[in-house]
Amino acid sequence: MNAIEEKGGEGVDTALPNPNGLEFDNLYLDMNGIIHPCFHPDEHHASPPTTNQDVFDNIYDYIDRLFGIVRPRKLLYMAI
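Below is a short write-up of the structure.

What to know about the overall build of the protein
Okay, so step 1: Across its full length, the protein holds 2 helices and 2 strands.
Okay, so step 2: Moving toward the C terminus, one meets the helices and strands of the protein in the order β-α-α-β.
Okay, so step 3: Within the protein, buried positions represent 19% of all 80 residues.
Okay, so step 4: In the protein, 72% of the contacts between residues at least 6 apart in sequence involve partners at least 24 apart.
Okay, so step 5: In the structure as shown, the protein presents an accessible area of about 6100 Å², 55% of it carried by carbon and sulfur atoms.

Below, the structure written as structure tokens:
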């Protein structure tokens, strides 16, 4: 599925209808698949983070990006 990803300076208003034309109640994230690449990004995308704060910033940015694309209406479940 091709997803429309809105770009916004102050963020995306996730209360608005999903521009992809599909609404989702739930978003389930396997955090292992998010945390590991934020510590060890592949050589094509970014250099490794130098501080723990850099890692957490990468994690938050990635979750925000996914949340903005899917826009779950009821539940965000993060499994660690």
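Some details on the packing of helix α1 (residues 32-39) against helix α2 (residues 52-70)
In a packed pair of helices, the relevant descriptors are the angle between the two axes and the axis-to-axis distance.
Okay, so step 1: Between α1 and α2, the shortest axis-to-axis distance is 9 Å and the interhelical angle comes to 135°. With respect to α2, the axis of α1 lies oblique. α1 and α2 meet at a crossing whose hand is right-handed. Where α1 approaches α2, its residues Ile34, Ile35, Cys38 and Phe39 are matched on the opposing element by Val55, Asn58, Ile59, Tyr62, Ile63 and Leu66.

Re unusual backbone geometry
Okay, so step 1: With a phi close to 55°, Arg71 is a non-glycine residue in the positive phi region.
Okay, so step 2: Position of Arg71 relative to the elements: it lies in the loop between α2 and β2 (72-79).
Okay, so step 3: Taking relative accessible area as the criterion, Arg71 reaches 1% and is therefore assigned buried.

Let's talk about the environment of Ile34
Okay, so step 1: You can see Ile34 is positioned in helix α1.
Okay, so step 2: Linking Ile34 and Tyr60, residues 26 residues apart in sequence, is a C-alpha distance of 9.8 Å.
Okay, so step 3: Residue contacts for Ile34: discarding those within four places in its chain leaves Leu29, Ile59, Tyr62, Ile63 and Leu66.

Focus: the side chain of Arg71
Okay, so step 1: Polar contacts involving the side chain of Arg71 include one to the main-chain carbonyl oxygen of Pro17, which spans 3.0 Å.
Okay, so step 2: Aside from chain neighbours lying at most four places away, what touches Arg71 is Glu6, Val12, Asp13, Thr14, Leu16, Pro17, Asn18, Pro19 and Phe24.

Topic: a nonpolar patch on the surface
Okay, so step 1: A contiguous nonpolar surface patch, about 320 Å² in accessible area, is contributed by Tyr28, Leu75 and Tyr77.
Okay, so step 2: Of note, Tyr28 is situated in strand β1 (residues 24-30).
Okay, so step 3: For Tyr28, a relative accessible area of 53% translates into the label exposed.

Rules used in this analysis
Residues numbered from 1 in each chain as written. Predicted model: local features only at pLDDT ≥ 70, side-chain atom pairs only at ≥ 80, totals over all residues. Heavy atoms only, no water. Helix = DSSP H or I, 4+ residues; strand = E, 2+ residues; numbered from the N terminus. Buried < 20%, exposed > 50% of the residue type's maximum accessible area, 1.4 Å probe, protein only. Contact = heavy atoms within 4.5 Å. Areas by Shrake-Rupley, 256 points an atom, 1.4 Å probe, with all protein chains shown as cover. Axes fitted to C-alpha atoms, helices over the stretch in contact; angles between N-to-C directions. Parallel < 35°, antiparallel > 145°, perpendicular 65-115°, else oblique. Left-handed = near helix turned anticlockwise from the far one by under 90°. Polar contact = N/O pair within 3.5 Å; in protein donor to acceptor, adjacent residues only side chain to side chain. Patch = residues over 30% accessible without salt bridge, like charges linked within 9 Å, V, L, I, M, F, W, Y side chains within 5 Å. Salt bridge = Lys/Arg side-chain N within 4 Å of Asp/Glu carboxyl O.

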